Amino acid sequence: MKKLNVGLIGYGFMGRTHSNAFRKVNNFFDLPYQPVLRAICARDENNARAFAKKWGYESVEMDWRKLIQREDIDLIDIATPNNTHAEIAIAAARAGKMILCEKPLSMDGKQGEKMVKEIEKAGVPNMVWYNYRRVPAVTLAKQLIDEGRLGRIFHYRAKFLQDWTISKDLPQGGTALWRLDLKAAGSGVTGDLLAHCIDTAIWLNGGIGSVTAMTETFIKERKHNLTGKVEKVGIDDACAFLARFKNGSLATFESTRYARGHKALYTFEINGENASIAWDLHDLHRLQYFDHRDEGKLRGWRSIHITDSDHPYMKNWWVPGLQIGYEHTFIHQVADFLTGLDAKKPAHPDFRDALETQYVCDAVLKSARTGKWEKVPKVK
Ligand SMILES: NC(=O)c1ccc[n+]([C@@H]2O[C@H](COP(=O)([O-])OP(=O)(O)OC[C@H]3O[C@@H](n4cnc5c(N)ncnc54)[C@H](O)[C@@H]3O)[C@@H](O)[C@H]2O)c1
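Small disclaimer: the values here were computed from a predicted structure and weren't measured.

Asker: Lay out the overall build of the protein chain in plain terms, naming residues and giving numbers.
Answerer: In terms of regular secondary structure, the protein chain is built from 11 helices and 17 strands. Whereas a compact globule of 380 residues would reach a radius of gyration of roughly 21 Å, the protein chain reaches 21 Å, a difference of no more than 12%. Across the 380 residues of the protein chain, 56% fall into the buried class. Considering only intrachain contacts with a sequence separation of at least 6, the fraction spanning at least 24 residues in the protein chain is 69%. Looking at the protein chain as shown, the accessible area adds up to about 17300 Å², and 50% of this sits on carbon and sulfur atoms. Mean positive and mean negative side-chain charge positions of the protein chain (55 and 46 charges, respectively) differ by 2 Å.

Here is the structure:
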């Protein structure tokens, strides 16, 4: 097994999911590579050292530029806020490193284009962590669609609902609340949550041609953690949009952080001429499937428990009937990346795929401003 030396930047929520994936992947998948946790990079030295100790990183760097220059690092993993992705990814590509980058790829499509150009010029393997593609139930949905079981697809419906920013006393910005700060996040729920829905949708149902959207910022001003002043809130707190897919199907997408009672309710439903599929993140190991071609008296929604060895990724886990969860999606993504590396068949979504999602996000935000239908540009 070849060693693959990882330098991770950021030890927050995603830093933990990625570290867990790098550590476990070889225990469950037979792979040509073994990730080695060479270095963790973050700005707070004490926290970084504590993280390194807990997760088994061999060293700590305080400056990502130094990390990128290290010869003992093969792969840079970017798990930092959105406004840092471009600079780090471009520098890592120029240094010839492989890159795994958190979503959304960039602050906007224009910045994403520069990233794609640099990464492709450098020819370095790359992938973006749109991990929901690798929930086994979602991967199975993709297989069923590709097998033609749904027939022509008419409708795609997606939602991502949360409720954690309802208090007007919640500040914006800084270490814990960068998602509320436009300068750090690029957008609100559109880039943070809908980007996931859009990536899954494009993967399952093909490209999106045009969109019309509305957004709202319910709390207009919040204290900024970095300046201490009350400042305008620039992010979208909620966004709903209609879309036309290039295959002729119609879609609705909705996301908000103001749906009291919902913490991370990502759902989608797809209706085709023969069959429908529905999935829900709160019940992520189940896929709901309805097939009109079933015998009439038995026809109905089936709730498939995705734990069998026939189901995607599941033969690598426990015995049928025992389910897996959220953290496994990241393990699957690393497994696919490492397999693709050796086979020279790159895993997806790569930076180019993620740029397409970025273009949809841009068109959504533009439409919310113009009040018109906006076309989604093609990725060149
Ligand atoms: N794939 C997913 O499902 C998913 C889920 C959550 C977040 N994300 C994405 O992951 C990224 C990180 O989000 P998070 O929730 O882990 O954030 P977080 O706030 O929990 O962690 C961010 C980390 O980045 C570090 N950091 C910030 N600026 C830095 C710099 N200049 N140099 C080095 N370290 C720096 C912070 O110290 C912190 O350790 C974001 O792009 C976010 O959109 C993806």
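From this point, the narrative continues.
Asker: Run through the pattern of salt bridges, naming residues and quoting values.
Answerer: With the rule as written, the count across this model stands at 24 salt bridges. Where E120 meets R352, a salt bridge forms, and the shortest distance between an N and an O atom there is 2.8 Å. Note that E120 is positioned in helix 5 (residues 109-122) and R352 in helix 11 (residues 351-370), a separation of 232 residues in sequence. Here R352 falls in the partly exposed class, since its relative accessible area comes to 28%. A salt bridge links D146 to K142; the shortest N-O distance between them is 3.4 Å. Taken together, the positions of D146 and K142, both in helix 6 (residues 136-146) and four residues apart, correspond to about one turn of that helix. Residue classification places K142 among the buried positions, given a relative accessible area of 19%. Among the ionic contacts, a cluster of salt bridges with common partners joins K103, R179, D192 and R257.

Asker: Describe the site of the ligand, with residues and values.
Answerer: Around the ligand, the structure places 24 residues, and the nearest of them are M14, N82, K103, W178 and R179. Contacts to the ligand include M14, whose backbone N or O atom sits 2.8 Å from an oxygen atom. Between N82 and the ligand, the recorded distance is 2.6 Å, taken from a side-chain N or O atom to an oxygen atom.

Asker: Summarise the sheet that holds strand 12 (residues 250-256); cite the residues concerned and give the values.
Answerer: Taken in spatial order, the nine strands make up an open sheet running 16-15-14-13-7-12-11-8-17, and their pairing is mixed. Two strands in the sheet have a free side with no partner beyond their single neighbour: strand 16 (302-305) and strand 17 (374-375). Strand direction decides the pairing type here: strand 13 (residues 265-272) and strand 14 (residues 275-280), joined by five bridges, are antiparallel. Paired with E269 across the bridge in strand 14 is A278. The strands touched by helix 9 (residues 189-205) are strand 7 (153-161), strand 8 (208-216), strand 11 (238-245), strand 12 and strand 13; relative to strand 7, the strand with the most contacts, the crossing angle is about 155°.

Asker: Quick one: what's the story with helix 6, residue by residue and with numbers?
Answerer: Among the 11 residues that make up helix 6, nine are buried, leaving the element largely enclosed by the rest of the structure. Of all the residues in helix 6, the buried ones are P136, A137, V138, T139, L140, A141, K142, L144 and I145. As for helix 6, its buried residues are in contact with strand 7, helix 9, strand 13, strand 14, strand 15 (286-291) and helix 10 (327-343). At the exit of helix 6 stands G148, carrying a positive phi of roughly 85°.

Asker: Describe the nonpolar core, and please don't skip the residues or the numbers.
Answerer: Judged by nonpolar contacts, the single largest core of 112 residues is most densely connected at F241, F253 and W279. If you tally residues by element for this core, the top one is helix 9, at nine residues. Apart from the residues lying within four places of it in its own chain, the contact partners of F241 are L194, I198, V211, T212, A213, A251, T252, F253, V360 and V364. Formed by five residues, the second largest nonpolar core is a distinct cluster that contains L170, L177, L180 and I235.

Asker: Run through the sheet that holds strand 4 (residues 75-78), naming residues and quoting values.
Answerer: Within a beta sheet, neighbouring strands are joined by backbone hydrogen bonds and run either parallel or antiparallel to one another. Read from one edge of the open sheet, six strands run 3-2-1-4-5-6, paired in parallel fashion. The strands lining the two open edges of the sheet, one partner per strand, are strand 3 (59-61) and strand 6 (126-128). Taking each pair of neighbouring strands and ignoring which way they run, the sheet shows an average axis angle of 25°. Examined bridge by bridge, strand 2 (residues 33-41) and strand 3 share three bridges and lie parallel to one another. The residue of strand 3 that forms the bridge with C41 is E61.

Asker: Provide a residue-level description of the pairing of strand 15, including the pertinent values.
Answerer: Put simply, side chains in a regular strand alternate between the two faces of the sheet. Of the two faces of strand 15, the one holding L287, Y289 and D291 is buried and the one holding R286, Q288 and F290 is not buried anywhere. Pairing between strand 14 and strand 15: four bridges, direction antiparallel. Paired with A278 across the bridge in strand 15 is Q288. In this structure, the hairpin formed by strand 14 and strand 15 is closed by a connection of five residues.

Asker: I'd like a rundown of the packing of helix 5 against helix 11, residues and numbers included.
Answerer: Across the interface, helix 5 lies against helix 11 with an axial gap of 9 Å and an inter-helix angle of 170°. What the angle tells us is that helix 5 and helix 11 run roughly antiparallel. Where helix 5 abuts helix 11, its residues G109, K110, G112, E113, M115, V116, I119 and E120 lie against F351, R352, L355, Q358, Y359 and D362. Among the residues forming the contact of helix 5 with helix 11, the class breakdown is six nonpolar, three polar and five charged.

Rules used in this analysis
- Residues numbered from 1 in each chain as written.
- Predicted model: local features only at pLDDT ≥ 70, side-chain atom pairs only at ≥ 80, totals over all residues.
- Heavy atoms only, no water.
- Helix = DSSP H or I, 4+ residues; strand = E, 2+ residues; numbered from the N terminus.
- Rg over C-alpha atoms; globule rule 2.2 N^0.38 Å.
- Buried < 20%, exposed > 50% of the residue type's maximum accessible area, 1.4 Å probe, protein only.
- Contact = heavy atoms within 4.5 Å.
- Areas by Shrake-Rupley, 256 points an atom, 1.4 Å probe, with all protein chains shown as cover.
- Lys, Arg positive; Asp, Glu negative; His and termini not counted.
- Charge placed at Lys NZ, Arg CZ, Asp CG, Glu CD.
- Salt bridge = Lys/Arg side-chain N within 4 Å of Asp/Glu carboxyl O.
- Near = heavy atom within 4 Å.
- Polar contact = N/O pair within 3.5 Å; in protein donor to acceptor, adjacent residues only side chain to side chain.
- Pairing = 2+ DSSP bridges.
- Axes fitted to C-alpha atoms, helices over the stretch in contact; angles between N-to-C directions.
- Core = buried A, V, L, I, M, F, W, Y, C linked by side-chain atoms within 4.5 Å.
- Parallel < 35°, antiparallel > 145°, perpendicular 65-115°, else oblique.
- Nonpolar A, V, L, I, M, F, W, Y, C, P; charged D, E, K, R; others polar.

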